[in-house]
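Here's the letter readout for the chains.
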Amino acid sequence: MSETCANIIAKQLKNKPNSVLGFATGSTPVGTYKKLAENKTDFSKAKTFNLDEYCGLTKTHPQSYHKFMMDNLFNHVNINKKNINLPNGTAKDFNKECKNYENLIKKSGGIDLRVLGVGGNGHIGFNEPDSVFHNLTHQITLTPETIDANKRFFEKVEDVPKTALSMGIKTIMQAKQIVLIAGADKKQVIERLKYEVVDPRFPVSILHYHPNCTVIFAKNI
Ligand code: F6R
């Protein structure tokens, strides 16, 4: 899964060195990022926009998504640090920050290739079940389910932030190409995705409507 995804990203960068890439955090893409670093994939002209960031965590907080991306990918490839974008979880005005983030994506020409993981409940980014499909980047209240799933990264469950800034489903769908990666732990999600119709109660199902979306499963699914 990681190798296939890393190869798709490398091919994209080879064809268009100044590609705009969308990245995700979480455990699923870690192997992909490792491969990209190992293969010395050329990011010198690339620009990136991550999906989301927790509200209230500084860029250097051990559990911030910014720090995750630096540790797992950006510190190991030749990306120009000025070309790295994540929503600012400590912005004074979150609405303004979200609008600004959307404008930056637009100004960059839009996302060429977006990597996605999926939550056990079908969330993409932090777009939880029952999210509307037309949302752009916005502040989101995390569900108890997601807080529970993410507590493994924090000392205690109370430390998990309650809100996050996340690209909306519309922002995600605007990417020209999407690659969804899912490990063996997402077997049920992928089964549901295969057979269920598009339904806001299962946000990842919207990908059925994307004209250029690839789903990559781990080998043992
Ligand atoms: C991460 C993100 C989330 C994760 C999802 C799966 O930026 O937006 O939607 O992709 O929660 O997480 P893992 O890969 O840890 O199972």
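Quick note: structure is the one above.
Keep in mind the model is a prediction, meaning the values are calculated, not measured.

Engineer: Give me the lowdown on the site of the ligand, citing residues and values where you can.
Structural biologist: Close to the ligand lie 14 residues; Thr 25, Gly 26, Ser 27, Thr 28 and Gly 117 are nearest. For the shell around the ligand, the residue count by class is five nonpolar, eight polar and one charged.

Engineer: Pulling in residues and values, what's your account of the sheet that holds strand 4 (residues 84-85)?
Structural biologist: Pairing is parallel across the open sheet formed by six strands, whose spatial order is 4-2-1-5-8-9. The open sheet is flanked by strand 4 and strand 9 (213-217), the only strands paired with a single partner. Pairing of strand 8 (residues 177-182) with strand 9, which is carried by five bridges, proceeds in the parallel orientation. Bridged to Ala 182 within strand 9 is Phe 217.

Engineer: Provide a residue-level description of the nonpolar core, including the pertinent values.
Structural biologist: Generally speaking, nonpolar side chains in soluble globular proteins are found buried as a group. Of all hydrophobic cores here, the largest spans 49 residues; its most connected members are Ile 9, Met 69, Val 115, Leu 116, Ala 164, Val 179 and Leu 180. Dropping the residues within four chain positions of it, Val 115 is found in contact with Cys 5, Gly 22, Phe 23, Ala 24, Pro 29, Val 179 and Ile 181.

Engineer: Please give an account of unusual backbone geometry that cites residues and values.
Structural biologist: For Lys 40, which is not glycine, the phi torsion reads 50 degrees and is therefore positive. Note that Lys 40 resides in the loop between helix 2 (30-38) and strand 2 (47-50). A positive phi angle, close to 80 degrees, is found at Asp 130, a residue other than glycine. Residue placement: Asp 130 occurs in the loop between strand 5 (113-116) and strand 6 (138-141). Overall, the presence of 11 C-beta atoms within 10 Å leaves Asp 130 in the exposed class.

Engineer: Could you give me a rundown of the pairing of strand 8, with the residues and numbers involved?
Structural biologist: Counting buried positions over the six residues of strand 8 gives five, a clear majority of the element. Each parallel crossover has a hand, and for strand 8 linked through helix 7 (residues 187-195) to strand 9 it is right-handed.

Engineer: Quick one: what's the story with the environment of Glu 53, residue by residue and with numbers?
Structural biologist: Among the secondary structure elements, Glu 53 is positioned in strand 3 (residues 52-54). For Glu 53, a count of 27 C-beta atoms within 10 Å puts it in the buried group. The residues contacting Glu 53, other than those within four sequence positions of it, are Ser 64, Tyr 65, His 66, Leu 86, Pro 87, Gly 89, Ala 164 and Leu 165.

Engineer: Before we move on, could you go through helix 1 (residues 2-15) and cite the residues and values that matter?
Structural biologist: Under the 1.5 Å per step criterion, the end-to-end length of helix 1 is 20 Å for 14 residues, consistent within 8% with the ideal 20 Å. Those residues of helix 1 hidden inside the fold are in contact with strand 1 (20-23), helix 2, strand 5, strand 8 and strand 9.

Engineer: Break down the sheet that holds strand 7 (residues 163-166) for me, citing the residues and quoting the values.
Structural biologist: Judged by pairing direction, the sheet is antiparallel, and its three strands sit side by side in the order 3-7-6 without closing on themselves. Sheet topology places strand 3 and strand 6 at the edges, where each strand pairs with a single neighbour. Across this sheet, the average inter-strand angle for adjacent strands is 30 degrees, counted without regard to direction. In this structure, strand 6 lies alongside strand 7, joined through four bridges in antiparallel fashion.

Engineer: Describe helix 3 (residues 65-72), listing the residues and the values that go with them.
Structural biologist: Of all the positions in helix 3, only Tyr 65, His 66, Phe 68 and Met 69 are classed as buried. Each buried residue of helix 3 sits inside an arc of 160 degrees when the element is viewed along its axis, so together they form one side. At its buried positions, helix 3 is contacted by strand 1, strand 2 and strand 3.

Engineer: With reference to specific residues and values, describe the packing of helix 1 against helix 2.
Structural biologist: Contact pair helix 1 / helix 2: the axes reach a minimum separation of 8 Å and the direction vectors enclose 55 degrees. Classified by the angle their axes make, helix 1 and helix 2 are oblique. Once helix 1 is placed against helix 2, the crossing between them reads as right-handed. Here Ser 2, Glu 3, Cys 5, Ala 6 and Ile 9 of helix 1 lie close against helix 2, whose contacting residues are Gly 31, Thr 32, Lys 35 and Leu 36. Broken down by class, the residue content of the contact of helix 1 with helix 2 amounts to four nonpolar, three polar and two charged.

Conventions used here
- Residues numbered from 1 in each chain as written.
- Predicted model: local features only at pLDDT ≥ 70, side-chain atom pairs only at ≥ 80, totals over all residues.
- Near = placed C-beta within 6 Å.
- Nonpolar A, V, L, I, M, F, W, Y, C, P; charged D, E, K, R; others polar.
- Pairing = 2+ DSSP bridges.
- Helix = DSSP H or I, 4+ residues; strand = E, 2+ residues; numbered from the N terminus.
- Core = buried A, V, L, I, M, F, W, Y, C linked by C-beta atoms within 7 Å.
- Buried ≥ 20, exposed ≤ 12 C-beta atoms within 10 Å, placed from the backbone.
- Contact = placed C-beta atoms within 7 Å.
- Right-handed = clockwise from strand over helix to strand, strands pointing away.
- Expected span 1.5 Å × (residues − 1).
- Axes fitted to C-alpha atoms, helices over the stretch in contact; angles between N-to-C directions.
- Arc of directions from axis to C-beta.
- Parallel < 35°, antiparallel > 145°, perpendicular 65-115°, else oblique.
- Left-handed = near helix turned anticlockwise from the far one by under 90°.

Distances and angles like these do not, on their own, reveal function.
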